[in-house]
Each structure stands twice: as C-alpha cells, then as structure tokens.
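So you can see what is in the structure, the chains are spelled out below.
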Amino acid sequence: MSDHPFARLTPDLVLDAVESLGLISDARVMALNSYENRVYQVGIEGSEPLIAKFYRPERWSDAQILEEHTLSFELAELGIPLVAPIQHNSKSLFDYADFRFCLFQRRGGRAPEPGDLDQLYRLGQLLGRLHAVGAKQPFIKRPELNLATYGQASFEFLRAGNFLPKNLKKEWETVTQEVLKKVDTLFKQHPYTPIRIHGDCHPGNLLCREDSFYIVDLDDCHMGPAIQDLWMMLTGSYQERNLQLSELISGYQEFYDFSPREIPLIEGLRTLRLLHYSSWLAKRWKDPAFPNSFSWFGTEHYWNEQIAILREQKNTIDQPYLKLF
C-alpha cells in the first residue's frame, strides 16, 4: 500500500468527513477526475449530492486557501457566476483526520466551444467581471505567477532532480536557459500591474450551462497579469487568434479596462506554463495517481518533445504579437 497521504482517503473517510458537518449521506461516493486534489461526489439523504474537495496536503496553507475562498465569495456576492464553496457555521474550510476539505454544490455543464466567437464575447464579459473584482485588492499570502515562480523555480527543481535522461539533460538545460532569458527580456520590456487572477483559466475550468458560463476551480488563483486568464481561450492560426482575441476583449472591456501592453506576454506565459507543467508532474511523482496516469513522463520521447517545443518557443517569442482589431 502506498504511504502517500491520499492513500488514507478511503470512501469511508470521505463519508465521515462530510457527516462531521452534521450532514447525513446516503453512503454513495463517486471519485471525480482530479489529480492535484481529490474530489468526490457524495450523496446526501433527501437532497442533491454535494461535491467534496480534499486539498493536497502541504501545498497551500490555511491562509492561502482562505484567500481563494474569499475571492470566490466576493465574486458570488456581486452575482458573478461561479461555483463557490459552501459555508457552514460561517466556515468554508474544514478539517477531518488531518485532511482539509470544502464542499460545493454540484454544477454540471460543458466546456466552451474552441474558437466560437459568440461564446468568446460572453467569456470576455465573465472574465472582465472577474478581473474587476480581482483588481480591487491584492492577495497577501498567495504567490505571484511570474518568471521566478513558474519559470526559474521549475527549471531549478527539474535540473536538481533525477527526472531527465542523462543524454538529454544538458541539451534541455541549454535551451531552457536560453528561452528563460528571452522571457525575462520580454517581461522587462512589457511591464504590467499584477491583479488577482484565476491562474489556470483553460476552457475546462469554465462551464457552459443553459447559455450561461460559470467559473470553476480557483485552486490556482495567483497574483499575475490579466492576459494569463485570456490567452488559453485562443486557438488556431495567427489570423484566427487575432479575431478571437478581439472578440474576447470586446466583451471584457464592458467590465474592466484591458491593457494591450500585456498582449506581447502571451508567448512568454505559454513558455512558463510548459515548464511549470513538467515541474508539477515531477513534484507529484510520489503520488501513485501520477505514474499510473502519466507513464510517459520522464521518457526520452517526452523530453525530446519538450526540447523541440522550447526551441519553437524561442522563435515564437520573436514573432509578431497578436493585435486587436
């Protein structure tokens, strides 16, 4: 049996944790797709099932989690559609058997359609509302998404560990250092004002339900540039992404002013996300769920592919930036 903390998170423990809040389960527990945390649908007698999210031990402090929840409540108070934690006896973060967890109402839906201009306009409105709230005050405890935290820290962790094949390590180190130098120059040339952002705003973290969009999963919320929550909505050719960005920003600016100075950061942020993803897999490798689901990580094929992608990013950073119509 694994000695990872999540190995103790049995269905009985999940039920006991939920029932510790005075709820009565119907003993039905279904694990949902989640790697960073553990998320379950729990049946409740005489009511709709609830979603229980158990936080990964030692990732966030209580204060950092509560800052995530506070942002959710600020958004919900203004009627901004999102799935916010449930409060019980004025608390939203609970402890049981050395696990921290929270509860959510179950909310189904589908991800946005890639490249759909009408949806992008409405997503822009939603993200503009999110950032108008996010800009009101900073996070105090949660980190900033920047070159140091997502780029340099990821590079140093991977370089220090035994994750790369010996015959590829030097090549990967060289190209990574070269591309990080370009990202550093890019960020210095295009300064921005960090605000509270979603941080992991890919289409899978936005749900469409009955023609409305909902924000899901603020677990990765950081301080950072507004464009971080926008660029992952874009897909296709340069011309297609230009049109999509313009539509997204048209809706966005109904609620919050967008700074075009942030557009050049897109490829730099994409590079940081690539490095952070590899580092994330490496840091989680002792969790059995990761080797089981990402067995290709650490292979020569994976790192050859990463080297090629980082080389491509070196060139892409120097290409013409997207423009608003």
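Refer to the structure presented above.
Note that this is a predicted model, so its numbers are computed, not measured. (Residues numbered from 1 in each chain as written. Predicted model: local features only at pLDDT ≥ 70, side-chain atom pairs only at ≥ 80, totals over all residues. Heavy atoms only, no water.)

Novice: Give me the overall build of the protein chain: which residues, what numbers.
Specialist: In terms of helices and strands, the protein chain carries nine helices and nine strands. Buried residues in the protein chain amount to 48% of all 325 residues. For the protein chain, long-range pairs separated by at least 24 residues make up 73% of all intrachain contacts whose partners lie at least 6 apart in sequence. Surface accessibility of the protein chain: about 15,600 Å² in total, with carbon and sulfur atoms responsible for 50%. One way to put it: in the protein chain the 35 positive side-chain charges average out to a point 5 Å from where the 43 negative ones average out. (Helix = DSSP H or I, 4+ residues; strand = E, 2+ residues; numbered from the N terminus. Buried < 20%, exposed > 50% of the residue type's maximum accessible area, 1.4 Å probe, protein only. Contact = heavy atoms within 4.5 Å. Areas by Shrake-Rupley, 256 points an atom, 1.4 Å probe, with all protein chains shown as cover. Lys, Arg positive; Asp, Glu negative; His and termini not counted. Charge placed at Lys NZ, Arg CZ, Asp CG, Glu CD.)

Novice: Quick rundown of the pairing of strand β7 (residues 206-209)? Include the residues and the values.
Specialist: Where β7 meets strand β8 (residues 212-215), four bridges bridge the pair, whose relative direction is antiparallel. Within the sheet, the bridge partner assigned to Leu207 lies in β8 and is Tyr214. The turn joining β7 and β8, which pair antiparallel and follow one another in sequence, is formed by two residues; a positive phi near 55° is taken by Glu210. (Pairing = 2+ DSSP bridges.)

Novice: Residue-level account of the sheet that holds strand β5 (residues 99-105), with values.
Specialist: One key point about sheets: their strands pair by backbone hydrogen bonds, in either a parallel or an antiparallel sense. Pairing in this open sheet of five strands is antiparallel, and the strands run β1-β2-β3-β5-β4 from one edge to the other. Each having just a single partner strand, β1 (25-31) and β4 (94-96) make up the two edges of the open sheet. If you compare each strand with its neighbour and ignore which way they point, the axes differ by 35° on average. Examined bridge by bridge, β4 and β5 share three bridges and lie antiparallel to one another. By the bridge assignment for β5, Asp95 is matched with Arg100. Lying on the sheet, helix α1 (residues 11-19) is in contact with β1, β2 (38-44), β3 (50-54), β4 and β5; it crosses β1 at an angle near 125°. (Axes fitted to C-alpha atoms, helices over the stretch in contact; angles between N-to-C directions.)

Novice: Go over the environment of Ser278 with me, naming the residues and quoting the values.
Specialist: Residue position: Ser278 is located in helix α7 (residues 266-283). Exposure remark for Ser278: the relative accessible area of 2% places this residue in the buried category. When the C-alpha positions of Ser278 and Thr193 are compared, they lie 27 Å apart, and in sequence the two are 85 residues distant. Apart from the residues within four sequence positions on either side, Ser278 is in contact with Leu158, Phe297, Tyr302, Trp303 and Gln306.

Novice: If you had to explain the packing of aromatic side chains to someone new, which residues and values would you point to?
Specialist: Overall, the coordinates contain 23 aromatic pairs when judged by the stated rule. For the ring pair Trp280 and Phe294, a centre distance of 6.2 Å and an interplane angle of 75° mean the geometry is edge-to-face. Remark: Phe294 occurs in the loop between α8 (289-293) and α9 (300-316) and Trp280 occurs in helix α7; sequence separation between them is 14 residues. Each member of the pair Trp280 and Phe294 is classed as buried. (Phe/Tyr/Trp six-rings, centres within 6.5 Å; stacked < 30°, edge-to-face > 60°.)

Novice: Explain a negative patch on the surface to me, and be specific about the residues and the numbers.
Specialist: Residues Asp12, Asp16, Glu19 and Glu45 make up a contiguous surface patch of negative charge. Considering the arrangement of structural elements, one finds Glu45 in the loop between β2 and β3. (Patch = residues over 30% accessible without salt bridge, like charges linked within 9 Å, V, L, I, M, F, W, Y side chains within 5 Å. Salt bridge = Lys/Arg side-chain N within 4 Å of Asp/Glu carboxyl O.)

Novice: How would you explain helix α3 (residues 117-134) if you had to name every residue and give the values?
Specialist: Residues spaced three or four apart along an α-helix face the same direction, because each turn holds 3.6 residues. Between its first and last C-alpha atoms α3 spans 25 Å; for 18 residues at 1.5 Å apiece the expected length is 26 Å, and the two agree. Of the positions making up α3, those classed as buried are Gln119, Leu120, Leu123, Gly124, Leu126, Leu127, Gly128, Leu130, His131, Val133 and Gly134. In this structure, the buried side of α3 is in contact with α2 (62-77), β6 (195-197), β7, β8 and α6 (238-252). (Expected span 1.5 Å × (residues − 1).)

Novice: Requested: an account of the pairing of β1, with residues and values cited.
Specialist: Sheet topology places β1 next to β2; four bridges connect them, and they run antiparallel. By the bridge assignment for β2, Met30 is matched with Gln41. Remark: six residues form the turn of the hairpin made by β1 and β2, two consecutive strands paired antiparallel.

Novice: I'd love a proper account of the pattern of salt bridges, names of residues and values included.
Specialist: Within the structure shown, the criterion is met by 22 salt bridges. Where Arg106 meets Glu48, a salt bridge forms, and the shortest distance between an N and an O atom there is 2.9 Å. Separated by 58 residues along the polypeptide, Arg106 in the loop between β5 and α3 and Glu48 in the loop between β2 and β3 bring together distant segments of the chain. Given a relative accessible area of 40%, Arg106 falls into the partly exposed group.

Novice: Quick rundown of the side chain of Glu267? Include the residues and the values.
Specialist: Checked against the element boundaries, Glu267 lands in helix α7. Owing to a relative accessible area of 13%, Glu267 belongs among the buried residues under this scheme. Each residue touching Glu267, except ones within four places of it in the same chain, is listed here: Arg241, Gln313, Thr316 and Ile317.

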